[in-house]
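# Structural overview for review
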Amino acid sequence: NAGVTQTPKFQVLKTGQSMTLQCAQDMNHNSMYWYRQDPGMGLRLIYYSASEGTTDKGEVPNGYNVSRLNKREFSLRLESAAPSQTSVYFCASSDIQGGFSQPQHFGDGTRLSIL
Amino acid sequence: GENVGLHLPTLSVQEGDNSIINCAYSNSASDYFIWYKQESGKGPQFIIDIRSNMDKRQGQRVTVLLNKTVKHLSLQIAATQPGDSAVYFCAEKVQGGKLIFGQGTELSVKP
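Now for a quick tour of the structure. (Residues numbered from 1 in each chain as written. Chains lettered and ligands numbered in written order. Predicted model: local features only at pLDDT ≥ 70, side-chain atom pairs only at ≥ 80, totals over all residues. Heavy atoms only, no water.)

### Let's talk about the overall build of chain A
Put simply, the test is: Secondary structure elements are taken from DSSP: a helix is a run of H or I of four residues or more, a strand is a run of E of two residues or more, and numbering for both begins at the N terminus. In this treatment the radius of gyration is a C-alpha quantity, and the globule benchmark scales as 2.2 Å times the residue count to the 0.38 power. Each residue gets one of three labels from its accessible area relative to the maximum for its type: buried under 20%, exposed over 50%, partly exposed in between, using a 1.4 Å probe on protein chains only. In what follows, a contact means two residues having at least one pair of non-hydrogen atoms within 4.5 Å. All accessible areas in this document rest on Shrake-Rupley with a 1.4 Å probe, and a residue is counted as covered only by the protein chains that are shown. A positive count includes Lys and Arg, and a negative count includes Asp and Glu. His and the chain ends are not counted in either. Where a charge sits is defined by one atom per residue type, namely NZ (Lys), CZ (Arg), CG (Asp) or CD (Glu).
When its secondary structure is counted, chain A shows zero helices and 13 strands. Helices and strands in chain A line up, N terminus first, as β-β-β-β-β-β-β-β-β-β-β-β-β. Radius of gyration (C-alpha) of chain A: 14 Å, near the 13 Å computed for a compact globule of 115 residues. Along the longest, intermediate and shortest principal axes, the C-alpha atoms of chain A span 45 × 30 × 25 Å. The burial tally for chain A puts 50% of its 115 residues in the buried class. Once local pairs closer than 6 in sequence are excluded, the contacts in chain A between residues at least 24 apart make up 55%. Accessible surface, chain A as shown: approximately 5300 Å² in total, 48% of it carbon and sulfur. Here chain A contributes 10 positively and 9 negatively charged side chains, and the mean placements of these two sets differ by 6 Å.

Here it is, written out as structure tokens:
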């Protein structure tokens, strides 16, 4: 199993350009998440989708939009990129078993630089 | 509050020694906690988790301790190896199933 797959792995954008980061999971998880990680900091939640058809804002949603395309795929869009959005972006998925939360599984990230 | 520091706390240990990484969490209502390991250029990798009805859980070479009274979590790694060198994050589950991550601790293992 591939787990969580993110594309692209690297991207450089100019200020004002738009871009969509793709994420797919093959674990049949209901919940999916987008985080950003800045140097020396932990991960901060941008948006999440508790189940197919629902999305909610996380801690730092401004400047981003998301789409839960189907159960497998959850994309993150930057409509007008800004230098402050230079970061490493991680997608994760998780599920609930027997009423108990299970660990989130992460992809290897997209490294995004905005000039 | 939000961490703004650019330098992670670091822990340097000798190969073969035991390591203890500490974490303070913020929400007394959190009922699920996870430790992740992150190697350079990779995503966080699950190590071990613990629910709030427990105060200790053991895995292979790792033990997590939970002290709800002082909202403290620790990760103990036995017989630390060079391959354990990484950044370690604790995370707590808050309302809605979301995870709040700590800043992270960089573990460096000297051969």
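After that view of the structure, there is still more to cover.
### Quick word on the overall build of chain B
Across its full length, chain B holds zero helices and 10 strands. Ordered by position from N to C terminus, the α and β elements of chain B give β-β-β-β-β-β-β-β-β-β. Taking 2.2 N^0.38 as the reference for a compact globule, 111 residues should give roughly 13 Å; the C-alpha atoms of chain B span a radius of gyration of 14 Å, in line with that estimate. Dimensions of chain B, computed from the C-alpha atoms along their principal axes, are close to 40 × 30 × 25 Å. Counting only residues that meet the buried cut, chain B has 41% of its 111 residues in that class. Sequence-distant contacts in chain B: of pairs separated by 6 or more residues, those separated by 24 or more amount to 52%. Within chain B, the 10 negative side-chain charges are centred at a point lying 5 Å from the centre of the 11 positive side-chain charges.

### Examining the state of the cysteines
All names here are of chain A. Formally: Note on disulfides: each one is a pair of cysteine sulfur atoms within 2.5 Å.
Enumeration over the complete set of coordinates arrives at two disulfides over all chains. The side chain of cysteine 23 participates in a disulfide bridge whose partner is cysteine 91; the two sulfur atoms lie 1.9 Å from each other. Judged by the sign of its S-S torsion, about -75 degrees, the bond between cysteine 23 and cysteine 91 is left-handed. On the criterion of sequence distance, the pair formed by cysteine 23 in strand 3 (residues 19-25) and cysteine 91 in strand 9 (residues 87-94) is long-range, its members being 68 residues apart. A relative accessible area of 0% places cysteine 91 in the buried class.

### Remarks on the sheet that holds strand 2 (residues 19-24) of chain B
All names here are of chain B. For the record, the criterion: Paired strands are those between which DSSP finds at least two bridges. Comment: axis = line fitted to C-alpha atoms, over the contacting stretch for helices; angle = value between 0 and 180 degrees taken between N-to-C directions.
Pairing within the open sheet is antiparallel, and its four strands lie in the order 2-7-6-5. Only two strands of the sheet have a single neighbouring strand rather than two, namely strand 2 and strand 5 (56-58). Neighbour-to-neighbour, the strand axes of this sheet turn through a mean angle of 15 degrees, independent of strand direction.

### Focus on unusual backbone geometry
Of the consecutive residues Thr7(A) and Pro8(A), the connecting peptide bond is found in the cis state with omega at -5 degrees. Of note in this structure, Arg61(B) is not a glycine but carries a positive phi near 65 degrees. Structurally, Arg61(B) is set in the loop between strand 5 and strand 6 (62-67).

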